[in-house]
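Each chain, written out:
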Amino acid sequence: MNFSELFKQSNQLCKVSPDGKYLATCVQYRLVIRDVSTLQILQLYTCLDQITHMEWASDSLFILCAMYKRGLVQVWSLEQPDWHCKIDEGSIGLVSSRWSPDGRHILNTTEFHLRITVWSLCTKAVSYIKYPKACQKGTDFSRDGCYMALAERRDCKDYVSVFVCDDWHLLRHFETETQDLAGLEWSPNGCVLAVWDSCLEYKVLLYSLDGRLLSTYSAYEWSLGVKSVTWSPSSQFLAIGSYDEKVRILNHITWKKIAQFDHPATINNAKAVVYKEVERRTAVGSDDLSLHNITIGTTLFNTQSKYEICPLPVQIPVVKPDPDRANPKIGVSTLAFSSDSRYLATKNGGFQVQSLSWHGSGDSLILLGKEQLCLCFMDTDQEDK
Amino acid sequence: MGEWWTAVPTETSMGSYEISSISHVTMSPSRQNNLMSMYSSAGLSKSSYSVISAFCTEDNIPQCISYISQELASLGLSSTCIKASSPGGAGLDTVPALNAMYELLQIHRRNMCTLEELEKEQLKKSNTLEQMQMSNSRLKDQLELSIREKSGLHETERQLHLKIKTLQSCLKTEKDEVQKLQSIIASRASQYSHDAKRKEREAAKLKERLSQLLVERRDKKLAIDVLNSLGRSDGKRSHWKTTKVTASHEDEMYKSLLSDYEERQRALMLENTELKKVLQQMKKEMIHILSPCQPSTRGATAEDSQADSDGEEKAGDSSREMLDQSCEHAREQLTNSIRQQWRKLRSHVEKLDNQASQVQNEMESNNEVIPKEIHEDEMEKMRCEVQQCKEFIHTQQLLLQQQLNTSFDDETAALLNDCYTLEEKERLKEEWKLFEEQKRNFERERKNFTEAAIRLGREKKAFEEDCASWLKNQFLNMTPFTDRRSCSSSDGQSALSIRSEPEMRMSSTKAQLAKSLTYATVSTPKPTQSASVPSTAELYRTLRLMPDSRYYLVT
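Bear in mind that the values here come from a model prediction, so they are computed numbers and not experimental data.

What to know about helix H5 (residues 61-75) of chain B
All names here are of chain B.
Next up, step 1: The first and last C-alpha atoms of H5 sit 20 Å apart over 15 residues, in line with the 21 Å expected at 1.5 Å per residue.
Next up, step 2: Those residues of H5 lying buried are Ile61, Cys64, Ile65 and Leu72. Buried residues of H5, viewed axially, fall in a sector of 100°; they line one side. Facing away from the buried side of H5 by more than 90 degrees, the exposed set consists of Gln70 and Ser74.

Examining the nonpolar core
A general tendency of soluble globular proteins is for nonpolar side chains to be buried together.
Next up, step 1: With 35 residues, the main nonpolar core has Tyr147, Val160, Leu193, Val195, Leu206, Leu238 and Ile240 of chain A as its most contacted residues.
Next up, step 2: At five residues, strand E18 (residues 192-197) of chain A tops the list of elements feeding residues into this core.
Next up, step 3: Leu206 of chain A has contacts with Val192, Leu193, Ala194, Arg212, Leu213, Leu214, Ser215, Trp231, Leu238, Leu250 and Trp255 of chain A, leaving out every residue within four places of it along the chain.
Next up, step 4: Of all hydrophobic cores here, the second largest spans 17 residues; its members include Leu64, Val73 and Trp83 of chain A together with Val226 of chain B.

Thoughts on the environment of Val75 of chain A
Residue and element names in this part refer to chain A.
Next up, step 1: Residue position: Val75 is located in strand E7 (residues 72-77).
Next up, step 2: Of the residues examined, Val75 reaches a relative accessible area of 0% and is grouped as buried.
Next up, step 3: Linking Val75 and Cys47, residues 28 residues apart in sequence, is a C-alpha distance of 9.5 Å.
Next up, step 4: When near neighbours in sequence (up to four residues on either side) are disregarded, Val75 contacts Phe62, Ile63, Leu64, Trp83, His84, Cys85, Trp99, Ile106 and Leu121.

Looking at the UniProt feature "coiled-coil region" (unreviewed entry) in chain B
All names here are of chain B.
Next up, step 1: Under the UniProt annotation, "coiled-coil region" (unreviewed entry) lies at residues 115-149, 189-216 and 258-285.
Next up, step 2: Taken end to end, residues 189-216 is 96% helix and 0% strand, and its two terminal C-alpha atoms sit 40 Å from one another.
Next up, step 3: Helix makes up 100% of residues 258-285 and strand makes up 0%, while its end C-alpha atoms are separated by 40 Å.

Concerning the side chain of Lys203 of chain A
Residues and elements named next belong to chain A.
Next up, step 1: If you trace the backbone, Lys203 turns up in the loop between E18 and strand E19 (204-208).
Next up, step 2: Although Lys203 is buried, it makes no salt bridge; Glu201 carries the closest opposite charge, 4.2 Å away.
Next up, step 3: In this structure the side chain of Lys203 is engaged in a polar contact, spanning 2.8 Å, whose partner is the backbone oxygen of Glu177.
Next up, step 4: Once residues within four sequence positions are removed from consideration, Lys203 is found in contact with Glu177, Val195, Trp196, Asp197, Thr216, Tyr217 and Val226.

Re the sheet that holds strand E33 (residues 373-377) of chain A
Two modes of strand pairing occur in sheets, parallel and antiparallel, and in both the strands are linked by backbone hydrogen bonds.
Residues and elements named next belong to chain A.
Next up, step 1: Across the sheet, three strands lie side by side as E31-E32-E33; this open sheet has antiparallel pairing. Looking at strand neighbours, the two that pair on one side only are strand E31 (353-358) and E33, the edges of this open sheet. Averaged over neighbouring strand pairs, the angle between their axes works out to 15° when direction is ignored.
Next up, step 2: The pairing of strand E32 (residues 364-369) with E33 spans five bridges and is antiparallel. Among the inter-strand pairings, Leu365 is bridged to a residue of E33, identified as Cys376.

Thoughts on the pattern of salt bridges
Close approach of charged atoms allows side chains with opposite charge to pair.
Residue and element names in this part refer to chain A.
Next up, step 1: Counted under the stated rule, the structure contains 21 salt bridges over all chains.
Next up, step 2: For the salt bridge of Arg104 with Asp59, the shortest nitrogen-to-oxygen distance reads 3.2 Å. Of the two residues, Arg104 sits in the loop between strand E9 (96-99) and strand E10 (105-109) while Asp59 sits in the loop between strand E5 (53-56) and strand E6 (62-67), which places them 45 residues apart along the sequence.
Next up, step 3: Residue classification places Arg104 among the buried positions, given a relative accessible area of 7%.
Next up, step 4: For Asp59, a relative accessible area of 26% gives the class partly exposed.
Next up, step 5: Shared partners join several salt bridges into a network, and the residues in it are Lys133, Arg153, Asp158 and Asp180.

Comments concerning the interface of chain B and chain A
Next up, step 1: Counting from both sides, the interface comprises 41 residues of chain B and, opposite them, 52 residues of chain A.
Next up, step 2: Of the roughly 4,400 Å² buried between chain B and chain A on both sides combined, carbon and sulfur atoms contribute 58%.
Next up, step 3: At the boundary of chain B and chain A, one finds two salt bridges.
Next up, step 4: Between Arg172 of chain A and Glu250 of chain B there is a salt bridge, with the nearest N and O atoms lying 2.9 Å from each other.

A closer look at the confidence of the model for chain B
Close inspection of predicted coordinates is inappropriate in any region flagged by low pLDDT.
Residues and elements named next belong to chain B.
Next up, step 1: Of all residues in chain B, 64% have pLDDT values of 70 or greater, and the mean over the chain is 75.
Next up, step 2: The lowest-confidence element of chain B is helix H15 (residues 549-554), averaging 43 in pLDDT; the highest-confidence one is helix H6 (residues 94-215), averaging 92.
Next up, step 3: Below pLDDT 50 for its whole length, residues 1-17 participates in 14 contacts with residues either more than four positions away or in separate chains.
Next up, step 4: Every residue in residues 295-311 scores below 50 in pLDDT, and together they form 15 contacts with partners more than four places removed in sequence or on other chains.

So, the packing of aromatic side chains
Residues and elements named next belong to chain A.
Next up, step 1: Inspection of every chain in the model, using the stated rule, returns 11 aromatic pairs over all chains.
Next up, step 2: Here the aromatic rings of Tyr22 and Trp56 are separated by 6.1 Å at their centres, their planes lie at 15°, and the arrangement is stacked. With Tyr22 in strand E2 (residues 22-27) and Trp56 in strand E5, this residue pair connects regions lying 34 residues apart in the sequence.
Next up, step 3: Relative to Trp99, the ring of Phe62 has its centre 6.5 Å away and its plane inclined at 45°; by these criteria the two rings are tilted. One end of the pair, Phe62, is in strand E6; the other, Trp99, is in strand E9, and 37 residues separate them in sequence.

Looking at the pairing of strand E14 (residues 147-154) of chain A
All names here are of chain A.
Next up, step 1: Most of E14 is tucked away: six of the eight residues are buried.
Next up, step 2: The pairing of strand E13 (residues 139-141) with E14 spans three bridges and is antiparallel. Note that in E14 the partner of Thr139 across the bridge is Leu150.
Next up, step 3: The loop that links E13 with its antiparallel partner E14 comprises five residues; one of these, Gly145, has a positive phi angle of about 75°.
Next up, step 4: For E14 and strand E15 (residues 157-164), the ladder comprises eight bridges, and the chain directions are antiparallel.

Some words on the pairing of strand E8 (residues 84-88) of chain A
Next up, step 1: Taken together, the five bridges between E7 of chain A and E8 of chain A define a ladder with antiparallel strand orientation. Among the inter-strand pairings, Gln74 of chain A is bridged to a residue of E8 of chain A, identified as Lys86 of chain A.
Next up, step 2: Between the antiparallel neighbours E7 of chain A and E8 of chain A lie six residues.
Next up, step 3: In the sheet, E8 of chain A pairs with strand E1 (residues 223-226) of chain B via four bridges, with the strands oriented antiparallel. Bridge pairing in E1 of chain B places Lys86 of chain A opposite Asp225 of chain B.

Points about the confidence of the model for chain A
Next up, step 1: With 89% of its residues at a pLDDT of at least 70, chain A reaches an overall mean of 82.
Next up, step 2: Of the regions scoring below 50 in pLDDT, residues 280-303 of chain A engages in 65 contacts with residues more than four places distant in sequence or in other chains.

Some words on the sheet that holds strand E17 (residues 181-186) of chain A
All names here are of chain A.
Next up, step 1: The four strands are arranged E17-E18-E19-E20 in an open sheet whose pairing can be described as antiparallel. Each edge of the open sheet carries a strand with a single partner, namely E17 and strand E20 (213-217). Looking at each pair of strands side by side, their axes are set apart by 20° on average, direction ignored.
Next up, step 2: Relative to E19, E18 is paired through five bridges, and the arrangement is antiparallel. Paired with Trp196 across the strands is Val204, a residue of E19.

Calculation notes
- Residues numbered from 1 in each chain as written.
- Chains lettered and ligands numbered in written order.
- Predicted model: local features only at pLDDT ≥ 70, side-chain atom pairs only at ≥ 80, totals over all residues.
- Heavy atoms only, no water.
- Helix = DSSP H or I, 4+ residues; strand = E, 2+ residues; numbered from the N terminus.
- Expected span 1.5 Å × (residues − 1).
- Buried < 20%, exposed > 50% of the residue type's maximum accessible area, 1.4 Å probe, protein only.
- Arc of directions from axis to C-beta.
- Core = buried A, V, L, I, M, F, W, Y, C linked by side-chain atoms within 4.5 Å.
- Contact = heavy atoms within 4.5 Å.
- UniProt positions renumbered as here; feature names shortened; annotations may be inferred.
- Lys, Arg positive; Asp, Glu negative; His and termini not counted.
- Salt bridge = Lys/Arg side-chain N within 4 Å of Asp/Glu carboxyl O.
- Polar contact = N/O pair within 3.5 Å; in protein donor to acceptor, adjacent residues only side chain to side chain.
- Pairing = 2+ DSSP bridges.
- Axes fitted to C-alpha atoms, helices over the stretch in contact; angles between N-to-C directions.
- Buried area = accessible area lost by both parts, 1.4 Å probe.
- pLDDT = per-residue confidence, 0-100.
- Phe/Tyr/Trp six-rings, centres within 6.5 Å; stacked < 30°, edge-to-face > 60°.

Spelled out as structure tokens, the structure:
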């Protein structure tokens, strides 16, 4: 694998456009647009203050740059470099800013989550949404971009509002049976909304698009509950990772648990293959792909280290986090399904893996650590045999 | 008592009926009764006087007298003998007779007294015996009671032990649970406190901000500043917000939901039909498997046929009703019939298993009579097959040969053959050449290696000698013999006067050695003597004086 030269960036703001043609990076108060294939600078924009957040619009024609301290959002156009747009939130402050799926509206969350302001770039109109909830994942857009689900909290009760992204019309508004809603996520087919409670209570609720409660799932009581939730791309499975270091998978027909995976400290399963990186750091490829074998684990960038297969049983070095602290670093924090819903990669515990993502073809997985990058390629020929 | 009476009379030789009457009369346990009985016996004797008087009659007086005197003598009363008053007379001496009678009476009285005493004692003894027996039995009862009590107590103790154990285990589990709950509480408490702190901080920030805003006079209005409005992403014009629009939104939402449900239902139906097909297939196959075994299983023929007909019926039924997929009845029927068939199949397989095991047993005992025949048949079949195959191969070979031969006439055929073999011969020759060359190369290399090894050995030895001499020099250096040392260093061996860098020299020589070795491994046809010579020459040069005279000066 080859690497390009180093480019400067600040605040880890570096994104490829949705159509894959451009690369945008932020350096302090400048926005640099490069071509992905040649890495030549195509455009250079200057904002009024240090950029804290940058996002591409879905049609790859516009970019928004948010400066939270100043409460400003500036939007730039790729086609017309002269075009400019500046949104000033005024004294109310700005905490987060994002595009709507159609790429023509900007949603700004004000300080203290007082309200969400919806700015329309087509009509210069403004709408307000009151009482949004400040939680792990309070808003989610459905994959087709038609609907937006928003978590709200009024009078110590949680509500979910479903808006039609077309004209921001409130479609449904219903109360949820959660104590303290922590997040919500649409299923990829846009028909089911998964809502989960904070870690003090293990509760996952499934609502249909029209607001009916389809099912409730609770694995256990009292101990710390749900840490992460993800849908499979086919909408057939919902994987729930919890603080008890287990992943539970629900099926979409009965919404009952069909599988449960453990993350034991000692791997003894005859079907599991453990790859261990040697020479540099004795960190283990820290995901238990316990559904199918990895038949080839290859392609390293670091020529100084190599992977070898460890004989079972393998003891994974586990650092026990301090359980007295809030939000302890135990439990399954990251889940990722492959695109064909065949494999599930999970990260348990305090391993230094920042993100897991699957390639679109579903046969390779990339792990990002603080200092390292690991690419796992799975040979699927044997499956056919 | 009675026994005593009975014992005495039996000893005498009197008439048995008289004795028995006496004994009968005098058999009574108590003393008073005895006295009474004595008196009664006396009375009775009066009444049965006629019996006792039968002892002495008018006729046998002298015999009686003699007899009585004998008896008295035997009893120890020989002092007074009963004599007849006149020999042969019917009279009796009164004085000795009365004396004898008096003595007898005394004896009798004494006996009575002793008897009384004995009776008293006996009574006493019997009483004590009774008492002892009673106490014995009482004690035995007590002992039994106490044993039972003891076992009872043992039992209760055991039960209590068990209870203790169970309670202890309960306690342990409770303790574990308590610990777990405590840890949960602790984590929840920390979570709550963390959240509370966060909220407090936020509230504080809010307050600050609020106070700031109240103080601040100018209020920055929120505004948007766009160069020009953009068109909608989908290119259409936006619509007014009317109820029709809202209704259409609702419609769209329901449409999407419905389509999703329909798709899901379609998928499920497909799966369902697939599964049903598989089940039908399985059922048919099961029926098929079960049906040919009808003649072999005797007892089950009737049931099988019935079941088969049932199965056929059901198969017919379900195939008809398969169209009506939502009919629960049909579904149940299908599953029930499948279950039934499966059960039959299982029982059949079990029967077969049993049969097989039986047959195996028979085989072991029967010396393989029956299976051998089958075995023979199989062998025959296989032999025939082998024969056929061989013939086939043979014909193929012939045909091939013919093919090869008949295409050309003899000359060309011979030539061609030669050609083919020529090519092969050429190839073979080449390969041989290569092989020879390689062999030669290997030989050379081997030679080189051995030479190098020998050289290495020699050099090592030389080096060691040098080392020794150097050390010697060193040692001598320490002593006040420097002049002599400078003279002695003219030796060829002791050129290791280089004090500062002996190691580097060593490494350089080693490197040179290595180099020489590497040169040697290249398989050149030239002999490697020339390559080795420089290295040794160099070595000797270093050892010798001439090139290193400067080092000499150092010493």
